[in-house]
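Commentary on secondary and tertiary structure
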Amino acid sequence: MKKKFLNLGKQPIANSFLSSNSKKTIRSEFFYNLSVSFDTNNFLVSITNPVNPKIQYTDKYAHRASESMTMRDAFKKIANKLEKKFKPKIVMEIGSNDGVFIRNFDKKKVIAVEPCKNLANITKKNFKTYPEFWTKKLANKIFKVSKKADIIFSANTISHIPNLKESFDAINFSLSKNGVLVIEDPSLCSVIQNNSYDQFYDEHVYVFSALAISNVIKLSGLRLFDAEKMSTHGGSMRYFICKSDSKYKNSKKLDTIFKQEKKIGLNKFVTFKKFSKRVEKSKKDLVELLKELKLKNKKIISYGATYKSTTVFNYCKIKNQYLDYVTDTTLNKQGKFTPGQHLPIISPEKGMNQTVDYAFLGAWNFRKEIINKEKNFIKRGGKFITHVPFIKVLTK
Ligand code: JHZ
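On a predicted model such as this, the values are computed, not experimentally measured, just so you know. Along each chain, numbering runs from 1 in the same order as the chain's sequence is written. In view of the model being predicted, local features appear only for residues whose pLDDT reaches at least 70, and side-chain atom pairs are presented and counted only at 80 or more, with totals across whole chains, interfaces and linings using the full set of residues. Water and hydrogen atoms were dropped before computing side-chain values, which therefore reflect all heavy atoms in the structure.

1. Some remarks on the site of the ligand
Here is the rule: One heavy atom suffices: a residue is near a molecule or strand as soon as one of its heavy atoms comes within 4 Å of it. Polar contacts, as used here, are pairs of N or O atoms within 3.5 Å; protein pairs need one atom able to donate a hydrogen and one able to accept it. Residues neighboring in sequence count only if both atoms are side-chain atoms. Accessibility throughout is a Shrake-Rupley quantity obtained with a 1.4 Å probe, and a residue counts as covered only by protein chains that appear here. Each helix is a run of DSSP H or I of at least 4 residues and each strand a run of E of at least 2, with the numbering of both proceeding from the N terminus. Asp, Glu, Lys and Arg are counted as charged, while Ala, Val, Leu, Ile, Met, Phe, Trp, Tyr, Cys and Pro are counted as nonpolar; the rest, among them Gly, fall into the polar class.
Taken together, 25 residues lie near the ligand, and Glu-203, Lys-308, Asp-328, Lys-333 and Lys-373 sit nearest. A distance of 3.3 Å separates an oxygen atom of the ligand from a polar side-chain atom of Thr-330. One nitrogen or oxygen atom from the side chain of Lys-333 is found 2.6 Å from an oxygen atom belonging to the ligand. When the ligand sits alone it has 730 Å² of accessible area, and the protein chains cover 96% of it. For the shell around the ligand, the secondary structure elements donating two or more residues are helix H11 (307-316) and helix H13 (367-373). Ranked by residues supplied to the shell around the ligand, first place goes to H13 with 3 residues. Within the shell around the ligand, the residues separate by chemical class into 7 nonpolar, 11 polar and 7 charged.

Structure (structure tokens):
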């Protein structure tokens, strides 16, 4: 049974950066109600009413996975590891974005699936690319002409697909006998421990735990045989999945992860009720801090026009009464306005100037990379604010 535990209010599509802040554009903005539920049967945490994917994954999709050095390195590392360990003949990626993972493989063995046409156009120059949503129909089409995949990789995508059963059925159909599905997604354990409620936005239909994943995939004839914790995206988990009757033995690490998740209570509704109280406090504390700084005439901006910060700004109703603008390195976000609260987005070169006193870390998951990059800001007394795991002005 699905039980609601968190209400994040009226939210826009996290990725729908506005090209102007004119009244007409603002009037046509799409909003939906963002609430989150826990399924007491399979322990799956999901958005109660997901948005139609056709509204989300368009030819204007803003996120470029290769935008951060941390992610470029992480994808290179996992690609090399998979190549060495499994020696795959066919590698398919579901949600290949701008090709940051597949570009580490010989192009002859790669199949890319990416529904956002602007991104698929980038990879199709060098790789066999299907500019379509991942469905059973597409799996049938691809594997009519290709041998089955030895590795299917999917980072930050499976959690975005409302129809999980169809996705995993299609994956089972597409895997070779001892093929391996490797998925990476933000981990529920980290969300609960970090109070990072901003991992909930329209695209994150699910935030998985190992417990939930292992339950859900069983219905599609698949088995979770290993998992590893990752630091990317503020705490993710990498799952290794095979066909139920495949040769892989379940790892000891997996047992430990299941035990840890039960200890934290990821199989109990009460854990999520408590989490929602902490989220309410996070909102109250953030608004109070921003008010206090404004009373002292401080200039505050936000760093990184993330999808996550769309949730924070709309839940906490943070707009230009507190923040002057948002900086972001992504060219196609610059010159636009944040969804819902309409803050202007500019480049860090322009935005991180002498006049800024405080910068809210919208991209808190890249805290190390950003602090390293912004040494001058810190040197002259600039300070970062984070809400993870609780509201804090960073002093170092
Ligand atoms: P970042 C996206 O979410 C969307 P977002 C998606 N749904 C998903 O699942 C996760 O990623 C994984 C900028 N930046 O990656 C670049 C700087 O400006 O945390 C990006 O716009 N300066 C697919 O948007 C943003 O911050 C920097 O130094 O929450 C980071 O976005 C760095 C490092 C980044 O994901």
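2. Side note on the sheet that holds strand S14 (residues 345-346)
The following threshold applies: At least two DSSP bridges between two strands are needed for those strands to be called paired. Contact definition: two residues touch when any of their heavy atoms are within 4.5 Å. Geometry is summarised by axes, namely lines fitted to C-alpha atoms with helices restricted to the contacting stretch, and by angles between N-to-C directions that run from 0 to 180 degrees.
With respect to topology, 6 strands assemble into an open sheet ordered S14-S13-S12-S15-S16-S17, the strand pairing being mixed. Two strands lie at the open edges of the sheet, namely S14 and strand S17 (392-394), each paired on one side alone. Along the sheet, helix H10 (residues 269-295) makes contact with strand S12 (300-303), strand S13 (323-327), strand S15 (358-361), strand S16 (383-386) and S17, crossing S16 at roughly 155 degrees.

3. Points about the sheet that holds strand S5 (residues 110-113)
The 7 strands are arranged S6-S5-S4-S7-S8-S11-S10 in an open sheet whose pairing can be described as mixed. Each edge of the open sheet carries a strand with a single partner, namely strand S6 (128-130) and strand S10 (222-230). The mean inter-strand angle of the sheet, taken between neighbouring strand axes irrespective of direction, is 20 degrees. Taken together, the 8 bridges between S10 and strand S11 (residues 236-243) define a ladder with antiparallel strand orientation. Bridge pairing in S11 links Glu-228 to Arg-238.

4. Brief notes about the pairing of S12
How we decide: Working definition: with a 1.4 Å probe on protein chains only, accessible area under 20% of the residue-type maximum means buried, over 50% means exposed, and in between means partly exposed. Look down the strands so they point away from you; if going from the first strand over the helix to the second traces a clockwise path, that crossover is right-handed.
Residues Ile-300 and Ser-302 of S12 are buried on one face, and the alternating residues Ile-301 and Tyr-303, pointing to the opposite face, are buried as well. With 3 bridges joining them, S12 and S13 adopt parallel strand pairing. Counted as the bridge partner of Ser-302 is Val-326 from S13. Taken together, S12, H11 and S13 constitute a β-α-β crossover, and its handedness is right-handed.

5. Re the packing of H10 against H11
Applied cut-off: For classification, angles of less than 35 degrees are called roughly parallel, those exceeding 145 degrees roughly antiparallel, those between 65 and 115 degrees roughly perpendicular, and all remaining angles oblique.
Closest axis-to-axis distance for the H10/H11 pair is 10 Å, and the angle between their directions is 75 degrees. In terms of their interaxial angle, H10 and H11 are classed as roughly perpendicular. Along the contact surface, H10 presents Val-279, Glu-280, Lys-283, Leu-286 and Val-287, while H11 presents Val-312, Tyr-315 and Cys-316. Split by residue class, the contact of H10 with H11 holds 6 nonpolar, no polar and 2 charged.

6. A word on the pairing of S10
Burial runs high along S10: 8 of the 9 residues are buried. Connecting S10 to the next strand, S11, in antiparallel fashion are 5 residues, including His-233 with a positive phi near 50 degrees.

7. Considering the packing of aromatic side chains
Basically, it comes down to this: By convention, a stacked pair of Phe, Tyr or Trp rings (six-membered ring in the case of Trp) has centres within 6.5 Å and planes under 30 degrees apart, an edge-to-face pair has planes over 60 apart, and any other such pair is tilted. We call a charge positioned over a ring when the NZ of a Lys or the CZ of an Arg lies within 6 Å of the ring centre and within 35 degrees of the ring normal.
Counted according to the given criterion, the structure contains 22 aromatic pairs. Taking 6.4 Å as the distance between ring centres and 65 degrees as the angle between the ring planes, the aromatic pair formed by Phe-5 and Phe-275 counts as edge-to-face. Of this pair, Phe-5 sits in strand S1 (residues 2-12) while Phe-275 is found in helix H10, placing the two residues 270 residues apart along the sequence. For the pair formed by Phe-5 and Phe-275, the shared burial category is buried. One aromatic cluster is present, formed by Phe-5, Phe-38, Phe-43, Phe-269, Phe-272 and Phe-275 through successive ring pairs. Its end group placed over the ring of Phe-173, Lys-136 keeps NZ or CZ at 5.4 Å from the ring centre. Looking at Lys-148, its charged tip hangs above the ring of Phe-173, at a distance of 4.2 Å from the centre.

8. Quick look at the environment of Ile-183
Here Ile-183 lies in strand S8 (residues 175-186). Sequence separation between Ile-183 and Glu-349 is 166 residues, and the spatial gap between their C-alpha atoms is 35 Å. Those residues in contact with Ile-183 that lie beyond four places of it in its chain are Ser-154, Ile-158, Phe-168, Ile-213, Met-237, Arg-238, Tyr-239 and Ile-241.

9. Overview of helix H3 (residues 69-86)
Rules: Working rule for helices: expected span equals 1.5 Å times residues minus one.
Along its 18 residues, H3 runs 26 Å from first to last C-alpha, staying within 8% of the 26 Å computed at 1.5 Å per residue. Next to the buried residues of H3 lie strand S7 (149-155), S8 and S11. Two or three places before Thr-70, at the start of H3, stands the capping residue Ser-68, its side-chain oxygen 3.2 Å from that residue's backbone nitrogen. Just downstream of H3 lies Lys-87, where phi reads positive at about 40 degrees.

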